[in-house]
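Fold and contact review
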Amino acid sequence: YEGQVWYNSSSGTLKSVVAFDSWVSATNLSEARRVGGGFGTNSASITFGGFGPPDNKTTTEEFNGLGWTSGGALNNGTARFAGSVGTLTAGLTAGGLSTPTVYQNSAEEYNGTAWTTVTSLPAARGVGSVGGIGIQTAAVIAVGGSGIPTSVDAATLKYDGTNWTAGGSMNTGRTYTAGFGTQTAGIYMAGGPGTKANVESYDGTSWSETTDVSVGRRRLVTSNNSPQTSGIGASGYAAPGRTNSTESWNGTSWTTRANMGTARDSATGAGTTSNSMMVSGGDTGSASTAVEEFTSSINTIT
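It is worth spelling out the sheet that holds strand E28 (residues 268-273) at this point. Strand order in the open sheet made by the four strands is E3-E30-E29-E28, with antiparallel pairing throughout. Looking at the sheet topology across the chains shown, the edges are occupied by strand E3 (20-26) and E28. Across the sheet, the mean angle separating the axes of adjacent strands is 15° when strand polarity is ignored. Looking at chain direction, strand E29 (residues 276-280) and strand E30 (residues 291-297) are connected through five bridges and run antiparallel. Residue pairing in the sheet places valine 279 in a bridge with glutamate 292 of E30.

With the rule as written, the count across this model stands at three cavities of 30 Å³ or more. Estimated volume of the largest cavity: approximately 100 Å³. Considering the residues around the largest cavity, the lining is formed by 14 residues, among which Gly36, Arg80, Phe81, Val130 and Tyr176 are closest to the centre. Of the voids in this model, the second largest cavity is the one considered here, and its volume is about 40 Å³. For the second largest cavity, the full set of lining residues is Leu74, Asn76, Thr78, Phe81, Thr93, Ala94, Gly95, Gln104, Ser106, Ala107 and Glu108.

Basis of the calculations
Residues numbered from 1 in each chain as written. Predicted model: local features only at pLDDT ≥ 70, side-chain atom pairs only at ≥ 80, totals over all residues. Heavy atoms only, no water. Pairing = 2+ DSSP bridges. Helix = DSSP H or I, 4+ residues; strand = E, 2+ residues; numbered from the N terminus. Axes fitted to C-alpha atoms, helices over the stretch in contact; angles between N-to-C directions. 1 Å grid on protein atoms, 1.4 Å probe; cavity = no way out; pocket = protein on both sides within 12 Å on 5 of 7 lines; lining within 4 Å. Points joined across faces, edges and corners; volume = space filled by probe spheres on them.

Rendered as structure tokens:
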């Protein structure tokens, strides 16, 4: 009903229905974690790895729309992944830090129960995207870095369910970015070093600059199962500190939406459209267990 207009010719009355945005507190994670991985939807998502304490977690938690339960453990305790993508029953994660000073090239797939080691990245890398773009059998892991201190690059890697291949370089190398879409129609937004605002779209072969976000930030999260023309980005670090701002994308422009209840960065995200998203854990000054869900409805949700 949103946006529809009714006119009563007898009384000369004009009426319309508008939607309300809100962030709603959801069930907390069982473990505090930050710079971990995650993907899925508001009613079927996963968060895993990250720093705690303890650092370099192997644990996984699954969300069913109401609460969290333990899932299968990662084979490699990892944080600051190169990218994570997919659904609760068909997910993928790659790269990351195996210790606070060592990047790795391992990749793992999740089937809803257990993680399985698959073909490694061509080279060790991490601090890429909290959420990659695509699905388990057609994924894109873009940009990131390697080495301590981090060496930033703009390379793109595509995964077909078995092998990794080069996919064309982004125009701007960056770290701690986030994206949504598919392997042939994707978006990567913001990132570091610093607090970048530029956004690039991907057609499966090459990258093109598009409209910047309003708030430059890094370590943000997105509704990573959204299509290229209807996604949302939230939280992150925006100088001089963590932000609770939210922006949605309609394929042409960014729109400021309702603020989150708690400013944070380094969280994990999940969601399917620019009106549906959840953010889990992250850094609010220390590793957090807090979870928030974003909704947009003609009904007010509190």
